[in-house]
2 protein chains.
Amino acid sequence: MDIAIPLFDRFTALDAIGPYEVLSRLPGYRVTFVAERPGPVATDNRMLRIAVDTALGDLPRPEIVVVPGGIGSRAMMRDDALIDWVRTAHQTSQWTCSVCTGSLVLGAAGLLDGLEATTHWAAMETLASTGAKPTSQRVVEQGKIITAAGVSAGIDMALTLAARIAGDAVAQAIQLGIEYDPQPPFDAGSPDKAPQVAIDLSRRVERAVDEGEPVKL
Amino acid sequence: MDIAIPLFDRFTALDAIGPYEVLSRLPGYRVTFVAERPGPVATDNRMLRIAVDTALGDLPRPEIVVVPGGIGSRAMMRDDALIDWVRTAHQTSQWTCSVCTGSLVLGAAGLLDGLEATTHWAAMETLASTGAKPTSQRVVEQGKIITAAGVSAGIDMALTLAARIAGDAVAQAIQLGIEYDPQPPFDAGSPDKAPQVAIDLSRRVERAVDEGEPVKL
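Bear in mind the structure is a predicted one, so any value in this text is a computation, not a measurement. (Residues numbered from 1 in each chain as written. Chains lettered and ligands numbered in written order. Predicted model: local features only at pLDDT ≥ 70, side-chain atom pairs only at ≥ 80, totals over all residues.)

Re the interface of chain B and chain A
How big an interface is tends to be stated in terms of the accessible area lost upon association of its parts. In plain terms, the rule: The contact criterion used is a C-beta to C-beta distance within 7 Å, with each C-beta placed from the backbone. Here a strand is any run of E in DSSP of at least two residues, a helix any run of H or I of at least four, and the numbering for each starts at the N terminus. Note that Gly is not counted as nonpolar here; it falls among the polar residues with everything else outside the nonpolar set of Ala, Val, Leu, Ile, Met, Phe, Trp, Tyr, Cys and Pro and the charged set of Asp, Glu, Lys and Arg.
Contact residues are listed per partner, giving 67 residues for chain B and 67 residues for chain A. Elements with a minimum of two residues in the side of chain B that touches chain A: helix H1 (13–23), strand S2 (30–35), strand S4 (49–52), helix H6 (153–166), helix H7 (168–177) and helix H8 (196–210) of chain B. When residues in the side of chain B that touches chain A are grouped by element, the largest group, ten residues, is from H7 of chain B. Residues that form the side of chain B that touches chain A fall into these classes: 42 nonpolar, 14 polar and eleven charged.

Some points on the domain arrangement of chain A
All names here are of chain A. Convention followed: Residue ranges labeled as domains rest on an automatic or database domain assignment.
One can read the domain layout of chain A as domain 1 (2–182) and domain 2 (185–217). Each of domain 1 and domain 2 was reduced to a C-alpha centroid, and the two centroids are 22 Å apart. If you look at the interface, domain 1 gives five residues, while domain 2 gives six residues. Across the side of domain 1 that touches domain 2, the residue classes tally to three nonpolar, one polar and one charged.

With respect to the sheet that holds strand S5 (residues 54–55) of chain B
All names here are of chain B. Rules: For two strands to be treated as a pair, DSSP must find at least two bridges joining them. Structural elements are reduced to axes, namely lines fitted to C-alpha atoms, with helices fitted over the stretch in contact, and the angle between N-to-C directions of any two is expressed from 0 to 180 degrees.
The strand order across the open sheet formed by seven strands is S5-S2-S1-S6-S7-S11-S10, and the pairing between neighbours is mixed. Each of the sheet's edge strands pairs with one partner strand only, and the pair in question is S5 and strand S10 (139–142). Sheet topology places strand S1 (residues 2–6) next to S2; five bridges connect them, and they run parallel. Along S2, the bridge assignment pairs Ala 4 with Thr 32. The sheet contacts of H1 involve S1, S2, strand S6 (64–67) and strand S7 (95–99), and relative to S1 the element is tilted by about 170°. Helix H3 (residues 80–92) contacts S1, S6 and S7 of the sheet and is inclined by roughly 145° relative to S6.

Brief notes about the confidence of the model for chain A
What counts here: The quantity known as pLDDT measures the predictor's confidence residue by residue, on a range of 0 to 100.
For chain A, the mean per-residue pLDDT works out to 95, and 96% of the residues sit at or above 70. Scored as a whole, the predicted complex attains pTM 0.96, and scored at its interfaces, ipTM 0.96.

Remarks on the sheet that holds strand S7 (residues 95–99) of chain A
All names here are of chain A. Within the open sheet, the seven strands sit side by side as S5-S2-S1-S6-S7-S11-S10. Their pairing is mixed. At either margin of the open sheet sits one strand with a lone partner, and together these are strand S5 (54–55) and strand S10 (139–142). Note that strand S6 (residues 64–67) and S7 share four bridges and pair parallel. By the bridge assignment, Val 66 is partnered in S7 with Cys 97. In the packing of helix H1 (residues 13–23) onto the sheet, the strands contacted are strand S1 (2–6), strand S2 (30–35), S6 and S7, and the crossing angle to S1 comes to about 170°. Across the face of the sheet, helix H6 (residues 153–166) comes into contact with S7, S10 and strand S11 (145–148) while running at roughly 155° to S11.

The structure is reproduced here in structure tokens:
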């Protein structure tokens, strides 16, 4: 069974690697990174490149699709090759998923019209512009579409999906295998909880990234 | 300021990418993946390859070292090139860190003798064989050495390190940027918490991986 993770210039690494680390452990499933053209694909900050061997057209009908986000997802909302691939893959997929601003791509493909969905907290308005009904839940299931909140939420989404596919015990064994017993040193992972100084810093960075600056903070 | 993450054949992706995602956002720091030879480096399950441009010898004295784990770390305990590089880098580093079985490499380099340290829950005995005193804390600080538990613990470690380097507000802004407000669907991320069926499944996989099988579960 094939799990396809499409990558594109300026994706966010953890959006893709969190779900990969969980879903690659599912017995009987293979994760394949795909891109418009085979070759290395660079992340948002240009410090990491993933070697991709498989073109979008080489894997048109995976059982599972997971679209990561990143600042590059804004351009992907208008990228015919990716949008067409997502739309086609969704016709026969068992699950179509996104992490962070990957949901903007699902939305641009017309998959979220009228559905509840989520994205990075700073991208809720853009998500709404695709016809989705944004919610601030961390993992949102609507039929076979699952969207996750920002970046690290892909891990929670993937464990949820693993349980749907293979049952709770397998998902729990995967959680144990990656020792996912989170103990962040702060409780600052959402705008509802973070101190104002951190929110201000983070919003400044989100604006700078929108203007083409590298992702810092 | 340079943060070096050495990669090797059969590393675990999230061990490296969790800290990368956090630390690459630190203002003034650059993350560089290094390897014995430049070229693509494959993960434990062979489903992902990271393109590495920088040889170990090209970055001998980074300010921060983060050694990931993975089944390949067992072989790295006897790899002179990596062990020598770690030992040399540690002489001048500001912080020397590991995730998961990356601590076995620090131990093999003689860095953990008599120190408390941690690793993946299934590798505690091997860690002890290097002279370290294994603890089951998720993040263990001993002077400038920080070790983290299995796979996903690198995210918590990196946020702890970010706070040491740049202060709580910056670390909190990074946590907010990656929306790290974990909500796993199960509480099964440590052997103390996981149901026995998940522990049994996971141990079976750990044994199979030791015998050369792909990482599943």
